There are 2 protein chains.
Amino acid sequence: MSEPRLQVSRRQRATPYTARVDALGVSGFSIVNHTILPKGFQKSVAEDYWHLKTHVQLWDVGCQRQVELRGADAAVLLQMMTPRDLRRARVGQCLYAPLIDANAGMLNDPIILKLADDRYWLSIADADILLWAMGLAQGLGLDVEVTEPDVWPLAIQGPKADELAACLFGDELRSLPFFDFKVCDFNGVSVIIARTGFSKQGGFEMYPQGFQLARSLWDALWEAGADFEISPGNPNLIERVEGGLLSYGNEMTRAENPLECGLERYCQLDGSIDYIGRDALLRIAETGPERLIRGVIFDGDACPACQHPWPISVDGQQVGYVTTAIWSPRFERNVALAMLDRGYWEADTEVTVVSSEGRERRGIITDLPMTSG
Amino acid sequence: MSEPRLQVSRRQRATPYTARVDALGVSGFSIVNHTILPKGFQKSVAEDYWHLKTHVQLWDVGCQRQVELRGADAAVLLQMMTPRDLRRARVGQCLYAPLIDANAGMLNDPIILKLADDRYWLSIADADILLWAMGLAQGLGLDVEVTEPDVWPLAIQGPKADELAACLFGDELRSLPFFDFKVCDFNGVSVIIARTGFSKQGGFEMYPQGFQLARSLWDALWEAGADFEISPGNPNLIERVEGGLLSYGNEMTRAENPLECGLERYCQLDGSIDYIGRDALLRIAETGPERLIRGVIFDGDACPACQHPWPISVDGQQVGYVTTAIWSPRFERNVALAMLDRGYWEADTEVTVVSSEGRERRGIITDLPMTSG
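Anyway, here's the lowdown on the structure attached to this text. What you see is a predicted model, and the numbers here were worked out from it, not measured in a lab. (Residues numbered from 1 in each chain as written. Chains lettered and ligands numbered in written order. Predicted model: local features only at pLDDT ≥ 70, side-chain atom pairs only at ≥ 80, totals over all residues. Heavy atoms only, no water.)

**Focus: the overall build of chain A**
Here is step 1 of the chain: Along its length, chain A carries eight helices and 22 strands.
Here is step 2 of the chain: In terms of overall size, chain A behaves like a compact globule, its C-alpha atoms giving a radius of gyration of 21 Å where 373 residues would be expected to give roughly 21 Å.
Here is step 3 of the chain: Structurally, chain A occupies a C-alpha span of about 65 × 50 × 40 Å along its principal axes.
Here is step 4 of the chain: Within chain A, the fraction of its 373 residues that count as buried is 62%.
Here is step 5 of the chain: A fraction of 66% describes how many contacts in chain A between residues 6 or more apart in sequence connect residues 24 or more apart.
Here is step 6 of the chain: Separation of charge centres in chain A, based on 35 positive and 51 negative side chains, amounts to 1 Å. (Helix = DSSP H or I, 4+ residues; strand = E, 2+ residues; numbered from the N terminus. Rg over C-alpha atoms; globule rule 2.2 N^0.38 Å. Buried < 20%, exposed > 50% of the residue type's maximum accessible area, 1.4 Å probe, protein only. Contact = heavy atoms within 4.5 Å. Lys, Arg positive; Asp, Glu negative; His and termini not counted. Charge placed at Lys NZ, Arg CZ, Asp CG, Glu CD.)

**Considering helix α4 (residues 129–140) of chain B**
Residue and element names in this part refer to chain B.
Here is step 1 of the chain: Here α4 spans 16 Å end to end across 12 residues, near enough to the 16 Å set by a 1.5 Å rise per residue.
Here is step 2 of the chain: Burial of α4 is extensive: 10 of the 12 residues sit out of reach of the surface.
Here is step 3 of the chain: Following α4 by one or two positions, Gly141 has its phi on the positive side, about 65 degrees. (Expected span 1.5 Å × (residues − 1).)

**A look at the interface of chain B and chain A**
Here is step 1 of the chain: Every contact between the two is made by 56 residues of chain B and, on the other side, 56 residues of chain A.
Here is step 2 of the chain: Counting the surface lost from both chain B and chain A, the interface buries some 5,100 Å², and carbon and sulfur atoms represent 55% of this.
Here is step 3 of the chain: When the shortest N-O distance is used, the salt bridge between Arg11(B) and Asp126(A) registers 2.9 Å.
Here is step 4 of the chain: Where the side of chain B that touches chain A is concerned, the elements lending two or more residues are β1 (5–6), α1 (18–23), β2 (28–32), β3 (35–40), α4 and β19 (317–328) of chain B.
Here is step 5 of the chain: Examining the composition of the side of chain B that touches chain A, we find that 10 residues originate from one element, α4(B), more than from any other.
Here is step 6 of the chain: Per-class residue counts for the side of chain B that touches chain A are 25 nonpolar, 18 polar and 13 charged. (Buried area = accessible area lost by both parts, 1.4 Å probe. Salt bridge = Lys/Arg side-chain N within 4 Å of Asp/Glu carboxyl O. Nonpolar A, V, L, I, M, F, W, Y, C, P; charged D, E, K, R; others polar.)

**Here's the deal with the pairing of strand β17 (residues 291–298) of chain A**
All names here are of chain A.
Here is step 1 of the chain: Of all eight residues in β17, eight are buried, a share of seventy percent or more.
Here is step 2 of the chain: Residues Arg291, Ile293, Gly295 and Ile297 of β17 are buried on one face, and the alternating residues Leu292, Arg294, Val296 and Phe298, pointing to the opposite face, are buried as well.
Here is step 3 of the chain: Sheet topology note: the β17/strand β20 (residues 333–341) ladder contains eight bridges and is antiparallel. The residue of β20 that forms the bridge with Gly295 is Leu337.
Here is step 4 of the chain: Taken together, the four bridges between β17 and strand β22 (residues 360–366) define a ladder with antiparallel strand orientation. By the bridge assignment, Ile297 is partnered in β22 with Ile364. (Pairing = 2+ DSSP bridges.)

**Regarding helix α2 (residues 45–54) of chain A**
Residue and element names in this part refer to chain A.
Here is step 1 of the chain: Listing the buried residues of α2 in full gives Asp48, Tyr49, His51 and Leu52. In an axial view of α2, the angular spread of the buried residues amounts to 170 degrees, which keeps them on one side of the axis.
Here is step 2 of the chain: Tucked into the core, α2 has its buried residues touching β4 (57–60), β12 (154–157), β16 (231–233) and α7 (237–243). (Arc of directions from axis to C-beta.)

**Focus: the packing of helix α5 (residues 161–169) of chain A against helix α6 (residues 211–225) of chain A**
All names here are of chain A.
Here is step 1 of the chain: Running from N to C, α5 and α6 point in directions that differ by 120 degrees, and their axes come no closer than 10 Å. Accordingly, the angle class assigned to the pair α5 and α6 is oblique. For the pair α5 and α6, the crossing hand works out as right-handed. Where α5 approaches α6, its residues Leu164, Cys167, Leu168 and Phe169 are matched on the opposing element by Leu217, Ala220, Leu221, Ala224 and Gly225.
Here is step 2 of the chain: Residue composition of the contact of α5 with α6, by class: eight nonpolar, one polar and no charged. (Axes fitted to C-alpha atoms, helices over the stretch in contact; angles between N-to-C directions. Parallel < 35°, antiparallel > 145°, perpendicular 65-115°, else oblique. Left-handed = near helix turned anticlockwise from the far one by under 90°.)

**Focus: the relation of the copies chain B and chain A**
Here is step 1 of the chain: With an RMSD of 0.0 Å, the operation that places chain B on chain A is a rotation of 180 degrees combined with a shift of 0.0 Å along the axis. The transformation relating the two chain copies, once decomposed into turn and shift, fits a two-fold axis.
Here is step 2 of the chain: A share of 100% of interface residues in chain B that are also interface residues in chain A marks the association as one of identical surfaces. (Least-squares fit on C-alpha atoms with pLDDT ≥ 70 in both.)

**Focus: empty space enclosed by the protein**
Here is step 1 of the chain: Within this structure, the stated rule accounts for one cavity of 30 Å³ or more.
Here is step 2 of the chain: In this model, the largest cavity occupies a volume close to 110 Å³.
Here is step 3 of the chain: Along its surface, the largest cavity is lined by 15 residues, and Ile31(A), His34(A), Asp126(A), Ile31(B) and His34(B) are the ones closest to its centre.
Here is step 4 of the chain: Its residues assigned to classes, the lining of the largest cavity shows three nonpolar, six polar and six charged. (1 Å grid on protein atoms, 1.4 Å probe; cavity = no way out; pocket = protein on both sides within 12 Å on 5 of 7 lines; lining within 4 Å. Points joined across faces, edges and corners; volume = space filled by probe spheres on them.)

**Comments concerning the nonpolar core**
Here is step 1 of the chain: One finds Leu69(A), Leu122(A), Leu69(B) and Leu122(B) to be the most contacted residues of the largest nonpolar core, which totals 138 residues.
Here is step 2 of the chain: The residues touching Leu122(A), leaving out its near neighbours within four places in the chain, are Arg65(A), Gln66(A), Val67(A), Leu69(A), Leu78(A), Met81(A), Leu99(A), Pro110(A), Ile111(A), Ile112(A) and Ile129(A).
Here is step 3 of the chain: Membership of the second largest hydrophobic core comes to 67 residues, among which are Ala161(A), Phe186(A), Leu221(A) and Ala165(B). (Core = buried A, V, L, I, M, F, W, Y, C linked by side-chain atoms within 4.5 Å.)

**Some words on the sheet that holds β16(A)**
All names here are of chain A.
Here is step 1 of the chain: Taken in spatial order, the six strands line up as β13-β14-β15-β12-β4-β16 in an open sheet, and their pairing is mixed. Each end of this open sheet is capped by a strand with a single partner; those strands are β13 (181–186) and β16. On average, adjacent strands in this sheet sit at an angle of 30 degrees to one another, irrespective of strand direction.
Here is step 2 of the chain: Judged from the six bridges that link them, β13 and strand β14 (residues 189–194) form a sheet pairing that is antiparallel. Bridge assignment links Lys182 to a residue of β14, and that residue is Ile193.
Here is step 3 of the chain: Sitting on the sheet, α2 touches β4, β12 and β16, and the angle it makes with β4 is about 115 degrees.

**A few points about the side chain of Arg240(B)**
Here is step 1 of the chain: Of note, Arg240(B) is situated in helix α7 (residues 237–243).
Here is step 2 of the chain: When sequence neighbours within four positions are dropped, the list of residues in contact with Arg240(B) reads Phe198(B), Leu245(B), Leu246(B), Ser247(B), Asn250(B), Glu251(B), Thr324(B) and Leu337(B).

**Notes on the packing of aromatic side chains**
Residues and elements named next belong to chain B.
Here is step 1 of the chain: One pass over the structure, following the stated rule, counts 12 aromatic pairs over all chains.
Here is step 2 of the chain: On the basis of an interplanar angle of 70 degrees and a centroid distance of 5.1 Å, the ring pair of Tyr96 and Tyr266 is categorised as edge-to-face. In this pair, Tyr96 sits in strand β6 (residues 94–96) while Tyr266 sits in the loop between α7 and α8 (278–287), placing the two residues 170 residues apart along the sequence. Neither residue differs from the other here; Tyr96 and Tyr266 are each classed as buried.
Here is step 3 of the chain: The ring of Trp152 is capped by Arg65, whose NZ or CZ atom sits 4.0 Å from the centre of that ring. (Phe/Tyr/Trp six-rings, centres within 6.5 Å; stacked < 30°, edge-to-face > 60°. Lys NZ or Arg CZ within 6 Å of the ring centre and 35° of its normal.)

**Overview of the side chain of Ser328(A)**
Residue and element names in this part refer to chain A.
Here is step 1 of the chain: Looking at the element boundaries, Ser328 is found in strand β19 (residues 317–328).
Here is step 2 of the chain: A distance of 2.6 Å separates polar atoms of two side chains, one belonging to Ser328 and the other to Glu242.
Here is step 3 of the chain: Those residues in contact with Ser328, other than ones at most four positions away along the chain, are Ile238, Glu242, Arg333, Asn334 and Val335. (Polar contact = N/O pair within 3.5 Å; in protein donor to acceptor, adjacent residues only side chain to side chain.)

**Brief notes about the pairing of strand β20 (residues 333–341) of chain B**
All names here are of chain B.
Here is step 1 of the chain: Of all nine residues in β20, seven are buried; the element is thus mostly enclosed.
Here is step 2 of the chain: In terms of strand pairing, β19 meets β20 through eight bridges, oriented antiparallel. Directly across from Ile326, in β20, lies its bridge partner Val335.
Here is step 3 of the chain: Counted along the chain from β19 to the antiparallel partner β20, the turn is four residues long, and its residue Glu332 has a positive phi close to 55 degrees.

The structure is reproduced here in structure tokens:
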């Protein structure tokens, strides 16, 4: 399918940064959580990839909407929503957490920010987790407010992100541990800054509250970034695939469980805590998952975008499917994320990938993140 | 903002019709319920408008996902979700129904199809009502399965829709009452067909189950439609505004209640049934809504797309905002849907609209649907 134009209305929410990325020549968009996500700036994905790995980029990730749980039962509700054990979570910590339904199907994979013992933000991927949390709270009669605060995340990602952050916030951010956050001062207003982000190149995500503050923060970062060859950017598909970063809706849907998604380390499976979907997940854990998300590196010239799962086969028998694929300029081969059946997910297994043009391409299974071509 | 290209991945689900509309030259897309909605076919919106009012169009509305509630408590759960009184709903009936939260904020406005006393489909607008219903069912421990069936709605709309439907299904559909549905036979398989649709030009929505059946139905309608000057189409913005058809996310959000949206006739307000948000809604009903969705017709040349609410003022004081606006070739003026404060919503009230270029335009409030310019 070609890439026709996106029609924008109020229903596709603009962010405080939309006017800025428009002025910077944004050339593609996606929609996440009913909100605009920039997806390209008139450079190739490969050019953008090398820039991200070398300098620093400013990303409009306002589509990462926050679901706030606040009140006496906030922690109770949150633990019901995830198999991740939150008993030792501390204020100031970010926690990547699968959310699952009663069948252990993936509903989302937010980063949880523990703001206080009775207050959490879930920085969500593309699904209305607000409605799931509201429904549970309503049905259970819990003492918790479920809201979408007026918060507009942005990210700076890349090896120069620490330098850039230090310009605005001083050296204190340099020592912020990975997946911790800190409340910083910007123009006299508090902004939460976390050492997180949807790349493996390092950097921060910032959570300004309110449209004006968000735009001021964007502008200040952009201005200070001139010294670091800053560029507008967005989650980079090559870097994401090589890094094994999963995308909800692409690699994970309600039809996949967290063990199939390789998220076992975020699942408490000893029965010591209760959560929705626990019985289903424990049953799956008894024998282990029947399939697993893995990397695939495959031959041929640059593949098209994977808009529907592509079959993966061994000896003519389908053993999995590709969910996301793209040409890697570093490996000089195509790289992909794929779901493989048990028995076929070991590294170096030889497979055949049929891309959407119907072409058969020879491929090999890899670990994630990918370390060699 | 310009209209940059939409990036398509697995997360933006294609429908069985996507390949067909692509071949027919689709030129614009929107995303609804994580699914592609075509938004233009290389004709102007005005050309498309006249065609829709004259002939018949085939619409890919596969994005109208179904939420199925099935089981002993299906009716109980559904009544909790809507202020519409469902006690007399009958099998074969379609019911337009506001869904609201505990504060009476609008969550959606689906058409409910009553398939059986213990089985309903909600044909939803853009929000994950599946998660809301799942959360409620889980929290309340109800005996109901909440699923998204493999159903791909399509629509035929326009004055020749009855003729076209008769070609495939015989004359029995001609007598189908407005907002009733019927189980029809297509190639030996049952398909639900309803006299509904997101236009005021008449026609049907069809609910084929399964990708292959859906595509076969599309192809059969397209082929038979050649005799009726059939064209691919989509909800038409001019026709929708003139007809007063509201769009969730544009006119209605969680910040609006159904009385503000002019949906009082779908709200049981005598206290005889219980539903989530009832107390909040009854409080609002006591004094009536403070604002109301109305039409506005305003001067000047063709306005741009309304991507953010435009202020409406009287004597320099803001009294409302435009949510959707477009040039009407029939009225030869701009037409809009707008939220007006009490005291300013009477027909013929003179107002000033400030469109996104900052231009002041003289306007007048109208009833909905609009009947005169």
